[in-house]
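The lines below spell out each chain.
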Amino acid sequence: MATGGTPARHADGVFEMIDGIGIHEVIVETTSHDATLSDLDDKGFSDVMKTYRQRLMNCAKNHDVKYALIFRNSGLLAGASLEHPHSQLIALPAVPHMIADELETSLVHFKKKGTCLFCDMLEAERRGAARVIAESSGFIAISPYAPRFPFETWVFPRRHMSAFETLDDDAVDSFSKFFKGVLSKMGAVLSNAPYNFMLHTAPTGSGPLNHYHWHVEITPCLTTIAGFERGTNCFINPTSPEEAAKALRL
Ligand SMILES: [Zn+2]
Ligand SMILES: [Zn+2]
């Protein structure tokens, strides 16, 4: 994909398309071909996270970019097409439905209650504790209430912030330590099963949002998406989030 020019929408009868304007970057995480991300030392891991921040900030300079997603495919089953350890950034001329849904649902909650849905959810998870995997002074990892996949894990900053890019250097370092711990434990418990992770941050250039809270969703690939899931977008998950949290707890 290339940048430059405002993307035009084209109609063709009932069909509609938008120009493929955007950015695709491969973030090479290490010079070591056989390493995994969680093998990197603290500085190496933090450098990767700082690169995420820098590349997301770079996208904000481009007014055609409406959303930038950082993601990682680990293992063939997770869709990794290159063997060398890497993550990717894809920036789009529109906000994808999944993010738009999160933004809309959290905005409805904010309008009703005046609070961030994610902050409220984290408070409830901390009170119940059964789905909390790990917690530091700045970050928390949970098994979500209704996970789509076995051992699906979400990582949040405990303090309300809508954009990952606004973390300062110290906060990136402490996030890196925490996130690396979660990934390492997951690798150990799940025998290095393939996984994807996706960094959900506020839309590019949106400024601070009261109702949205950035997070990372980690989805191990342990089950197959079959007819029911494809036909309904509902997911059958044989592992309860409480069992998953217990196994993954640091
Ligand atoms: Zn929040
Ligand atoms: Zn999300």
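Conventions we followed
- Residues numbered from 1 in each chain as written.
- Chains lettered and ligands numbered in written order.
- Predicted model: local features only at pLDDT ≥ 70, side-chain atom pairs only at ≥ 80, totals over all residues.
- Heavy atoms only, no water.
- Donors = N, O, S within 2.8 Å, 3.2 Å for Na, K, Ca; no water.
- Tetrahedral: all angles 85-135°; square planar, octahedral: opposite > 155°, others 65-115°.
- Helix = DSSP H or I, 4+ residues; strand = E, 2+ residues; numbered from the N terminus.
- Buried < 20%, exposed > 50% of the residue type's maximum accessible area, 1.4 Å probe, protein only.
- Pairing = 2+ DSSP bridges.
- Core = buried A, V, L, I, M, F, W, Y, C linked by side-chain atoms within 4.5 Å.
- Contact = heavy atoms within 4.5 Å.
- Axes fitted to C-alpha atoms, helices over the stretch in contact; angles between N-to-C directions.
- Parallel < 35°, antiparallel > 145°, perpendicular 65-115°, else oblique.
- Salt bridge = Lys/Arg side-chain N within 4 Å of Asp/Glu carboxyl O.
- Phe/Tyr/Trp six-rings, centres within 6.5 Å; stacked < 30°, edge-to-face > 60°.

A.B. asks: How should the coordination of the zinc ion (ligand 1) be read in this particular structure?
C.D. replies: Reference geometry at the metal: tetrahedral coordination by four donors gives ideal angles of 109.5 degrees; octahedral coordination by six donors gives 90 or 180 degrees. Protein coordination at the zinc ion (ligand 1): the donors are Cys116 (SG), Cys119 (SG), His160 (ND1) and His213 (ND1), at 2.1 to 2.3 Å from the metal. Around the zinc ion (ligand 1) sit four donor atoms, and with donor-metal-donor angles ranging over 104 to 117° the site reads as tetrahedral. Donor residues binding the zinc ion (ligand 1) come from one chain and are separated in sequence as C-x2-C-x40-H-x52-H. Of this pair, Cys119 sits in helix H3 (residues 117-128) while His160 is found in the loop between strand S8 (153-157) and helix H4 (169-189), placing the two residues 41 residues apart along the sequence. Judged by relative accessible area, which is 24%, Cys119 ranks as partly exposed. On the basis of relative accessible area, His160 is assigned to the partly exposed category, the value being 27%.

A.B. asks: What's the story with the coordination of the zinc ion (ligand 2) in this structure? I'm lost.
C.D. replies: Within the protein, the zinc ion (ligand 2) binds to Glu102 (OE), His200 (ND1), His215 (NE2) and Glu217 (OE); these donor distances fall in the range 1.9 to 2.0 Å. For the zinc ion (ligand 2), the four donor atoms in the first shell make angles of 102 to 127° at the metal, a pattern classed as tetrahedral. All donor residues of the zinc ion (ligand 2) come from one chain, and their arrangement in sequence is E-x97-H-x14-H-x1-E. Within this pair, whereas His200 is found in strand S9 (residues 195-200), its partner Glu217 is found in strand S10 (residues 215-220), the two being separated by 17 residues in sequence. Glu217 carries the same exposure label as His200, and that label is buried.

A.B. asks: Explain the pairing of strand S6 (residues 132-135) to me, please; I cannot follow it from the model alone.
C.D. replies: If a strand is regular, its side chains alternate between the two faces of the sheet. Here S6 runs beside strand S7 (residues 139-142); their pairing, made up of three bridges, is antiparallel. Each bridged residue has a counterpart across the sheet, and for Val132 the counterpart in S7 is Ile142. Counting the residues in the hairpin turn of S6 and S7 gives three residues.

A.B. asks: Just checking my understanding: could you explain the nonpolar core for this structure?
C.D. replies: A general feature of soluble globular proteins is that nonpolar side chains tend to end up buried together. Of all hydrophobic cores here, the largest spans 43 residues; its most connected members are Met49, Phe175, Phe179 and Ile218. Per-element accounting of this core gives the leading share, eight residues, to H4. Look past the residues within four positions of Met49 in its chain and what remains in contact with it is Leu37, Phe164, Val172, Phe175, Ser176 and Phe179. Judged by nonpolar contacts, the second largest core, of 14 residues, contains Cys116, Phe118, Val132 and Phe156.

A.B. asks: Explanation requested: the sheet that holds S7 in the structure shown.
C.D. replies: Remark on secondary structure: sheet strands pair via backbone hydrogen bonds, oriented parallel or antiparallel. Strand order in the open sheet made by the eight strands is S3-S5-S4-S9-S10-S8-S7-S6, with antiparallel pairing throughout. Strands at the two margins of the open sheet, each flanked by one partner only, are strand S3 (23-28) and S6. Between one strand and the next, the sheet's axes are offset by a mean angle of 20°, whatever the strand orientation.

A.B. asks: Honestly, the packing of helix H2 (residues 97-113) against H3 in this entry has me stumped. Any pointers?
C.D. replies: Running from N to C, H2 and H3 cross one another at 80°; their axes reach a closest spacing of 8 Å. The orientation of H2 with respect to H3, classified from their angle, is roughly perpendicular. When H2 is examined against H3, the residues Thr105, Ser106 and His109 are found in contact with a partner set consisting of Leu117, Phe118 and Asp120.

A.B. asks: Would you explain the pattern of salt bridges in this entry?
C.D. replies: When the charged atoms of two side chains lie near each other, side chains of opposite charge can form a pair. For the coordinates displayed, the defined rule picks out 14 salt bridges. Here Arg131 makes a salt bridge to Glu242, at a shortest N to O gap of 2.8 Å. One end of the pair, Arg131, is in the loop between H3 and S6; the other, Glu242, is in helix H6 (residues 241-248), and 111 residues separate them in sequence. Each of Glu125, Arg131 and Glu242 takes part in salt bridges that share partners, so that together they form one network.

A.B. asks: Please explain the packing of aromatic side chains as it appears in this structure.
C.D. replies: Each aromatic ring pair is characterised by the separation of its centres together with the angle its planes make. Evaluation of the coordinates by the stated rule reveals 14 aromatic pairs. With centroids separated by 5.4 Å and ring planes inclined at 80°, the aromatic side chains of Phe118 and Tyr212 adopt a geometry described as edge-to-face. Residue Phe118 is located in helix H3, and its partner Tyr212 is located in the loop between S9 and S10; the two are separated by 94 residues in the primary sequence. Between Phe139 and Trp214, the aromatic rings sit 6.4 Å apart at their centres with planes inclined by 55°, giving tilted as the arrangement. Pair noted here: Phe139 is in strand S7 and Trp214 is in the loop between S9 and S10, with a separation of 75 residues, a long-range link. The residues Phe139 and Trp214 share a single accessibility class, namely buried.

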